Amino acid sequence: MDGSHSPDPALTISFIKSLSKVERVSALNPNWELVPQKAEDRASHSTFENYRNYKTHKGARMRIAVIGQSLFGQEVYKELRKDGHTIVGVFTIPDKDGKADPLATEAEKDGVPVFKFPRWRLKGQAIQEVVTQYKATGAELNVLPFCSQFIPMEVIDHPRHGSIIYHPSLLPRHRGASAINWTLIHGDKKGGFTVFWADDGLDTGPILLQRECDVEPNDTVNTIYKRFLFPEGVKGTVEAVRLIAEGKAPKITQPAEGATYECIQKKDNAKIDWNQSAEALHNWIRGNDKVPGAWAEVDGQKVTFYGSSLVDNGTAVNGQPLEIPGASQPGIVTKSGLVLFGNDGKTLLVKNLQFEDGKMIAAAQYFRSGSSAAVELTEEEKTFAVQMRAVWQSILSNVSQIEDSTDFFKSGAASMDVVRLVEEVKLRASSCQLQNEDVYMNTTFQDFIQMCVRKLRGEDDEEELVVDYVEKNINNMTIKMPHQLFINGEFVDAEGGKTYKTINPTDGTAICDVSLAQISDVDRAVAAAKEAFEEGEWGKMNPRDRGRLIYRLADLMEEHQEELATIEAIDSGAVYTLALKTHVGMSIQTFRYFAGWCDKIQGSTIPINQARPNRNLTFTKKEPMGVCAIVIPWNYPLMMLAWKTAACLAAGNTVVLKPAQVTPLTALKFAELAARAGLPKGVINILPGSGALVGQRLSDHPDVRKLGFTGSTEIGKHIMKSCAVSNVKKVSLELGGKSPLIIFSDCEMDKAVRMGMSSVFFNKGENCIAAGRLFVEDSIHDLFVQKVVEEVKKMKIGDPLDRSTDHGPQNHKAHLDKLVEYCQTGVKEGATLVCGGRQVQRPGFFFEPTVFTDVQDHMYIAKEESFGPVMIISKFKSGEVDDVLRRANATEYGLASGVFTRDISKALYVSERLNAGTVFVNTYNKTDVAAPFGGFKQSGFGKDLGQDALNEYLKTKTVTIEY
C-alpha cells in the first residue's frame, strides 16, 4: 500500500460503535499491536496483514531486533525506542569479565529480552537453536548498528523488511572491518558512513543512506568517530529505519567502480614503514590511533606512536636526536614532542609514545621518563587516593586487591573503563581536569594518583608558571593578584624595575605596586606575539582545538569569578554584585560565545564572469591579522578586555593588551588564568603602563597589524593618525558618547523612571552608553523628575563590597574632580541642580548621584559627556517628534540612544531616525554577546560582540584558479 488511502469519515463512527470492550482490549495483544486505532483504517483493511502493510508505509512503529554491541548500539537502541518502535529482542555479545555490554545493560533495564549468544554459526552452518530463539521474537526488521559477530543469512533474510547495517565509510570504498582506519591511512579528504541492506557479500548490499564529512588533517580514528561517525551515525541509522517505516527507503546498487577492500588492522600489521613521505607516515600513524597503534623498534623495544600532526617545514627544530632504525634520519625530541622525518625531508610531530609494558609518556619526556620525584600526599589527598582505590577496585572486579603497582590495562580495563574513570575523578575532585590521555599515560595506580595530585595542585609536566602574588584577605576570601607584566607566558618586571601604585577608590589607599611597562617591554611583547603567531603552536592549531582552549579559559574564569569580581571592586570601585554579574559574568559569556565561532569562520565561493570557456574557481578565505594590539578603558576593566580579546583570539590572532593604568589588576589575573588554561606562550601579553608610552608605541609598532581601542574620542583620533602613519594598520574605535534618551508622554511611567535611572546611574555612570541627555515630553516632565528624585534619595552610597550598596566610588581621583567641575559648570550656565552635584564627605572618591533640569541645548552639559552619575533632563513640546529628533541627533556622537513609548509606530519611526549604533526601545543597557556593538560619527567605527566583531580581526583573501 502507498498510504494514499482516504476512506469515508462516516466509517469512523460506525466502526467505533461496532467495537466491543474485548475488541478494544485486543489491540494491546503483541500480535495485534498494529490494530487500527482509527475506525476507517480498520474498516478499509479487513485483514491484519493488509493493515500492517498499510500502517508500515504510513510510518508505523515496527517490531525490531537490534543485533550488535557497544555504546553506539546502545544509543541506536534508545533512539529507536524514542521513535516508538518495539524492540522485540537485543542480540549482543556475552559478558566480559563479569561486565555486560552497554547495549545489554540498557535493554535489561527496560525489560527487553536480551540474548547473549557466543556465536550464531558453527563450522559455517547456522546454529538452529539460536536461529529458533531469534525467529520467536517476530521481528519485522533487523538493525545491526555495530556487530562483530557473523550473522547467518537465514537470520538476515528472515524479517519481512530484511536487515540493515551501519558501516563507517562511504561504500563501496573501504569495505571491511577497519574502514575508519583505512579512510585515514589513505589520506581521504572525505569520510562518512553508509547504512546498507545486508546481503550475502561483505559490505556489498544495496545502499539505503549515506552521510559524508570532511576529514580534518590531524583526525584520528577517535576524533572523527566522536565528532561525526558516532553522533551522526546514530541519527542516520534511526533515519534509515524511519524511511523503511514510511515506505521510502531506497535500494541503490553499489557501483563496482571505486570499490576497495582492506584487511583488518591488527598490531602485527601496524608496523611503520619509514620509507615514505612525511604525509604518508602521518596518515599511517593517525590511521592506527588509538587501535591498534602504529609502532616501530626504538632502542630495542616496540614503541607505539600516538597524536601525530604535520609540521610547518619552515620551523627550526631544536632538541635531542633519537635514532630510529629504518628512518631516513634520526627523530628529534623537542619540548613539543617527537619530530619525525619522511623520505621527502618533510616533518611530522608525535605527541605521545607507549612502551611494551603499556606505559605511555609524552614524547617530549622521552629522555626524562621515570625521572620525576614522587610527591608527598597531604591528608586530604590521601583521602582522595583511598576513594580512587575503591573506584579502581569496582572497575577491576577481577583483581582481588588494588596495589600501587596494579596496572589498569593489564588488569583488563578497556576504553569504556577509561571514560568511567575520568568521570569518577570529576565527581570527587572537579578541579582535577582529567583527559583520557592522562589515564593512558599513567597506567599504574601509583602513577595515576601522583598525576591526579599534581593536577589538583595546579602542577603539570610543562614549565611551572611562577607568579609573585600580592595576597589580601578581603570579602571573606583570600585574593591572589599578579602585579608584574605578562610577556611570552611569564610574569616579569618592567625594564629597570619601574613600578607605580594602583589605588583603591573606596578609601584612596594603595592596593599594591604594579610593574610600569617601558618601550623595550612593548617591543619584547610584540616580538613574543609575532613568534607565537608565525612559528608557534597557536598559528598552526586546528580551529576546534583553539576553541577548546578558549572554552577552558572561560571555565577557569568561572571558577575564579568571585575572586575576579572582588579584584574588580577594589581596583575600579564597581559594586561587587554588579561586578559579579556584569563585569565578570558577561566576560565569561563573551569568551564562551567566541570559542564557539573558532571552527565556523569561513569564506565563500564566487562565480566570476570571464571570457568563455569560463573555467575558473574563485573563493575567499578569512585569515587572522597577526599581532593585534588592544587598548582598553578603566570603566569595565575585565569586560572590555573580554569584548575585544575573545573575538581576536577566536580569529586566530595573538594579542598585546594595555589595560588602563588605573585598573590593571583583573587583566593581570586574566593573564594567569590564560596560562593555566594552556594558551601557548606569546599568545597573550599584558602591559600595564601609560597611554603616552605603551599605547603610543603599540600604535607606531610596524609588527602590529591591528589595533582595537576603547576610550575618548580625542585619544582615538590620535591613535588613528599614528596607525595610518606607521604601517596603515587596521583600526577599530569605540569612543565617546552623548546618548540621547527620548521619553514620550504615552510611556509606561514607572518603567521609564526605572530604566531612566539605570541608563544614567548604572555602574556609577561610568558607562560608555549611559544616557547623556534625557528629553522628556513636557506634559509628564515634572512627574518624571519627581519620581526620579524619590528613587535617587533611596540609593545607598557606600563600600562596593557591601551587598546592599547601590552606588560605589568613582574610579579615580582625577575623574572625581572632573565631575565636580562639570556640575559647577552646569550651575553657572543656568541649569537647575535638583539634587547631588557634590563629592560625598567620606574617604574615597564618592560622588552624589546628580539630577539637572532646565538644560538648554547650548549649554556645556547638554553637549559634553560627564561619564558619571549625572542625569541631564531637557523638555520637549508634545507632538514635536521631528524637533526632538533633530535635537537628539545634534551631536557629533552616535554610540547609543533610546526611546520610551507605548506607540509602536512612533517607536519604529524614532528608532529609524536616531543616528546611533544602538537604539533601545522601552529598555536600556540591554547588551548581549551575540548582538554587535559600536558607534557612528565621532563615537567611532567597528564592532565589538556578535559575528561582526570577528571581521574586525580577520582579513579576506581572494583566490582565483583557472583549470
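Residues numbered from 1 in each chain as written. Predicted model: local features only at pLDDT ≥ 70, side-chain atom pairs only at ≥ 80, totals over all residues. Heavy atoms only, no water.

## Some words on empty space enclosed by the protein
Stage number 1. Evaluated as defined, the whole model comprises four cavities of 30 Å³ or more.
Stage number 2. Forming the walls of the largest cavity are 14 residues, and the residues nearest its centre are A770, G772, E865, S866 and F867.
Stage number 3. For the lining of the largest cavity, the per-class residue count stands at six nonpolar, six polar and two charged.
Stage number 4. If you trace the second largest cavity, you find 15 residues lining it, with P740, Y893, G894, A896 and N915 closest to the centre.
Stage number 5. Residue assignment for the lining of the second largest cavity shows that the elements contributing at least two residues are β30 (739-743), α30 (881-889), β35 (893-894) and β36 (896-900).
Stage number 6. Among the residues forming the lining of the second largest cavity, the class breakdown is seven nonpolar, six polar and two charged. (1 Å grid on protein atoms, 1.4 Å probe; cavity = no way out; pocket = protein on both sides within 12 Å on 5 of 7 lines; lining within 4 Å. Points joined across faces, edges and corners; volume = space filled by probe spheres on them. Nonpolar A, V, L, I, M, F, W, Y, C, P; charged D, E, K, R; others polar. Helix = DSSP H or I, 4+ residues; strand = E, 2+ residues; numbered from the N terminus.)

## Considerations on the sheet that holds strand β24 (residues 616-624)
Stage number 1. Taken in spatial order, the three strands of this open sheet run β23-β24-β40, and their pairing is antiparallel. Either end of the sheet is taken by a strand with one partner, and the two such strands are β23 (605-606) and β40 (954-962). (Pairing = 2+ DSSP bridges.)

## With respect to the sheet that holds strand β6 (residues 141-144)
Stage number 1. Pairing is mixed across the open sheet formed by seven strands, whose spatial order is β3-β2-β1-β6-β7-β8-β9. Of all the strands in the sheet, just β3 (114-115) and β9 (207-214) have a single pairing partner and so form its edges.
Stage number 2. In this structure, strand β8 (residues 190-197) lies alongside β9, joined through seven bridges in antiparallel fashion. Residue pairing for β9: F196 is matched across the bridge by I207.
Stage number 3. Where helix α10 (residues 221-229) meets the sheet, its contacts fall on β7 (163-167), β8 and β9, and the angle it forms with β9 comes to roughly 120 degrees.
Stage number 4. Packed on one face of the sheet, helix α11 (residues 231-245) meets β1 (63-67), β6, β7, β8 and β9 and runs near 155 degrees to β9. (Contact = heavy atoms within 4.5 Å. Axes fitted to C-alpha atoms, helices over the stretch in contact; angles between N-to-C directions.)

## As for a nonpolar patch on the surface
Stage number 1. A contiguous nonpolar patch, built from L617, I961 and Y963 and spanning about 300 Å² of accessible area, is present on the exposed surface.
Stage number 2. Position of L617 among the secondary structure elements: in strand β24. (Patch = residues over 30% accessible without salt bridge, like charges linked within 9 Å, V, L, I, M, F, W, Y side chains within 5 Å. Areas by Shrake-Rupley, 256 points an atom, 1.4 Å probe, with all protein chains shown as cover. Salt bridge = Lys/Arg side-chain N within 4 Å of Asp/Glu carboxyl O.)

## A word on unusual backbone geometry
Stage number 1. Here L171 and P172 are connected by a cis peptide whose omega angle stands at 15 degrees.
Stage number 2. As for its position among the elements, P172 is in the loop between β7 and α9 (179-185).
Stage number 3. A cis amide bond links V291 with the next residue in sequence, P292, at an omega value of 0 degrees.
Stage number 4. Despite not being glycine, D299 has its phi angle at roughly 50 degrees, a positive value.
Stage number 5. Here D299 is to be found in the loop between β10 (294-298) and β11 (301-310).

## A few points about helix α5 (residues 70-82)
Because each turn of an α-helix spans 3.6 residues, side chains separated by three or four positions end up pointing in the same direction.
Stage number 1. End to end, α5 covers 19 Å across 13 residues, agreeing with the expected 18 Å (1.5 Å per residue, within 8%).
Stage number 2. Within α5, the full set of buried residues consists of S70, F72, G73, Q74, V76, Y77 and L80.
Stage number 3. The distance from a side-chain oxygen at the start of α5 to the backbone nitrogen of F72 is 3.3 Å, and the residue carrying that oxygen is S70.
Stage number 4. Just beyond α5, the residue with positive phi is G84, at close to 95 degrees. (Expected span 1.5 Å × (residues − 1). Buried < 20%, exposed > 50% of the residue type's maximum accessible area, 1.4 Å probe, protein only. Polar contact = N/O pair within 3.5 Å; in protein donor to acceptor, adjacent residues only side chain to side chain.)

## Points about the packing of helix α19 (residues 543-559) against helix α20 (residues 561-572)
Stage number 1. Relative orientation of the contacting elements α19 and α20 amounts to 70 degrees, with a least axis distance of 4 Å. One element, α19, and the other, α20, form an angle in the roughly perpendicular class. Across the interface between the two elements, M557, E558 and E559 from α19 touch Q561, E562 and L564 from α20.
Stage number 2. Here the residues of the contact of α19 with α20 sort into two nonpolar, one polar and three charged. (Parallel < 35°, antiparallel > 145°, perpendicular 65-115°, else oblique.)

## Topic: the UniProt feature "binding site: (6R)-10-formyltetrahydrofolate" (unreviewed entry) in the protein
Stage number 1. Here the UniProt feature "binding site: (6R)-10-formyltetrahydrofolate" (unreviewed entry) sits at Q149, F150, I151 and D203. Taking the farthest pair of C-alpha atoms as the criterion, the annotated set spanning 55 residues converges on one region, since that pair is 13.8 Å apart.
Stage number 2. Mapped onto the secondary structure, Q149 falls in the loop between β6 and α8 (153-156).
Stage number 3. Beyond its immediate sequence surroundings of up to four residues, Q149 is in contact with T92, I93, F117, P118, R119 and W120.
Stage number 4. Of note, F150 is situated in the loop between β6 and α8.
Stage number 5. Apart from residues lying up to four places away in sequence, F150 is in contact with W120 and R121. (UniProt positions renumbered as here; feature names shortened; annotations may be inferred.)

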